[in-house]
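Letter by letter, the chains look like this.
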Amino acid sequence: MNIKLPSRFIALGPALLAVLISLQTGCASQPDIRRDKDPAVDLKAYKTFGFFDPVPTDRARYTTLVSHHLKQATRDQLERRGYVYSERDPALRINFLLHVVDRQDVRTTPVAGPGPLAYRSWGGRLDTTSYRQGSLRIDLVDADRNVLVWQGVAEGRVGEDALKNPGAALQEVVAGIFTGFDDTPVR
């Protein structure tokens with residue numbers, strides 16, 4: 001069963017929940033994860049963090065369950081690394097961005113037949129596979145200077161079966177993004 005999502009930025013909601021959690025658990029391959037940081041910044045110099053409020057991707061006037069899971073997973077990762085959560089005066093502010101597009105892979109299989117022109121003929125089989133490609137980006141912004149200092153991105157095909165345990169799946173995706181956080185190579 002394929003669910004079609006629009007090819008634009010969309011608000012966090014039930015359809016988006018499937019995208020986020022299935023980046024990690026709903027596909028056979030792991031998502032592609034990239035990290036980047038400002039080379040002039042020592043991430044260990046920051047001691048506190050908080051979230052942009054409200055999370056800009058929440059178009060609703062309330063915090064969605066997906067936002068709650070993302071905030072909790074990010075908070076867990078940063079607190080494990082010695083950072084302290086601060087609502088009032090954080091040194092780092094966290095932002096999330098999700099982008100989902102519909103994609104198709106088209107493959108042709110030539111007809112094998114007699115003669116030297118069999119593979120050059122117009123005949124053959126055309127196979128089309130539709131899928132959703134999702135991207136989750138986590139930005140860490142220096143709160144005083146309002147400058148991006150670190151970014152982690154997970155991209156991959158979106159599966160359908162990850163709705164069963166969204167909290168744990170999001171924890172896993174965010175943990176993958178934060179792997180190597182303290183020694184992130186510049187890309």
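Residues numbered from 1 in each chain as written. Predicted model: local features only at pLDDT ≥ 70, side-chain atom pairs only at ≥ 80, totals over all residues. Heavy atoms only, no water.

K.L.:
Before we go on, may I ask you to explain the overall build of the protein chain in this structure?
P.N.:
Across its full length, the protein chain carries 3 helices and 7 strands. Its helices and strands in sequence order give the protein chain the pattern β-α-β-β-α-β-β-β-β-α, from N to C terminus. A buried classification covers 41% of the 187 residues belonging to the protein chain. Across the protein chain, the fraction of contacts at a sequence separation of at least 24, relative to all contacts at a separation of at least 6, is 79%. Of the roughly 10800 Å² of accessible surface on the protein chain, 51% is carried by carbon and sulfur atoms. (Helix = DSSP H or I, 4+ residues; strand = E, 2+ residues; numbered from the N terminus. Buried < 20%, exposed > 50% of the residue type's maximum accessible area, 1.4 Å probe, protein only. Contact = heavy atoms within 4.5 Å. Areas by Shrake-Rupley, 256 points an atom, 1.4 Å probe, with all protein chains shown as cover.)

K.L.:
Would you mind showing me how to read the packing of aromatic side chains here?
P.N.:
Here the distance between the centres and the angle between the planes together describe a pair of aromatic rings. Tallied over the full model, the rule gives 8 aromatic pairs. A ring pair is formed by Phe 51 and Phe 96, whose centres lie 6.0 Å apart and whose planes are at 25°; its orientation type is stacked. Here Phe 96 lies in strand 5 (residues 92-110) and Phe 51 lies in strand 3 (residues 48-51), a separation of 45 residues in the sequence. This pair shows no difference in class: Phe 51 is buried, exactly as Phe 96 is. Ring centres 5.0 Å apart and planes at 15° place the aromatic pair Trp 150 and Phe 178 in the stacked group. (Phe/Tyr/Trp six-rings, centres within 6.5 Å; stacked < 30°, edge-to-face > 60°.)

K.L.:
Can you walk me through unusual backbone geometry in this structure?
P.N.:
Leaving glycine aside, a negative phi is the common case for residues, and trans is the common case for peptide bonds. Positive phi, close to 55°, is recorded for Asn 146, a residue that is not glycine. Relative to the elements of secondary structure, Asn 146 occurs in the loop between strand 6 (124-142) and strand 7 (147-158). Exposure remark for Asn 146: the relative accessible area of 58% places this residue in the exposed category.

K.L.:
Just checking my understanding: could you explain the side chain of Lys 37 for this structure?
P.N.:
Position of Lys 37 relative to the elements: it lies in strand 2 (residues 32-37). Lacking a salt bridge, the buried Lys 37 has Asp 42 as its closest oppositely charged neighbour, with an N-O distance of 6.1 Å. Separated by 2.6 Å, the side chain of Lys 37 and the backbone oxygen of Val 41 make a polar contact. (Lys, Arg positive; Asp, Glu negative; His and termini not counted. Salt bridge = Lys/Arg side-chain N within 4 Å of Asp/Glu carboxyl O. Polar contact = N/O pair within 3.5 Å; in protein donor to acceptor, adjacent residues only side chain to side chain.)

K.L.:
How should I be thinking about the environment of Asp 53 in this particular structure?
P.N.:
Considering the arrangement of structural elements, one finds Asp 53 in the loop between strand 3 and helix 2 (65-80). Exposure remark for Asp 53: the relative accessible area of 70% places this residue in the exposed category. Spatially, the C-alpha atoms of Asp 53 and Glu 87 are 9.4 Å apart, while their sequence positions differ by 34 residues.

K.L.:
Explanation requested: the confidence of the model for the protein chain in the structure shown.
P.N.:
Per-residue confidence for the protein chain averages 77 on the pLDDT scale, and 66% of its residues sit at or above 70. By mean pLDDT, strand 1 (residues 8-9) is the weakest element of the protein chain at 40, and strand 4 (residues 84-85) is the strongest at 98. Predicted confidence for residues 14-19 stays below pLDDT 50, and this span has 18 contacts to residues more than four positions away or in other chains. Segment residues 24-28 is flagged for pLDDT under 50; beyond a separation of four residues in sequence, or across chains, it makes 15 contacts in the model. (pLDDT = per-residue confidence, 0-100.)

K.L.:
Would you take a moment to explain the pattern of salt bridges for this structure?
P.N.:
Opposite charge on two side chains lets them pair, provided their charged atoms get close. Evaluated as defined, the whole model comprises 5 salt bridges. A salt bridge links Arg 34 to Asp 32; the nearest nitrogen and oxygen atoms lie 3.2 Å apart. Given the relative accessible area of 28%, Arg 34 is considered partly exposed. Judged by relative accessible area, which is 42%, Asp 32 ranks as partly exposed. Members of the salt-bridge network, linked through shared partners, are Asp 32, Arg 34 and Glu 155.

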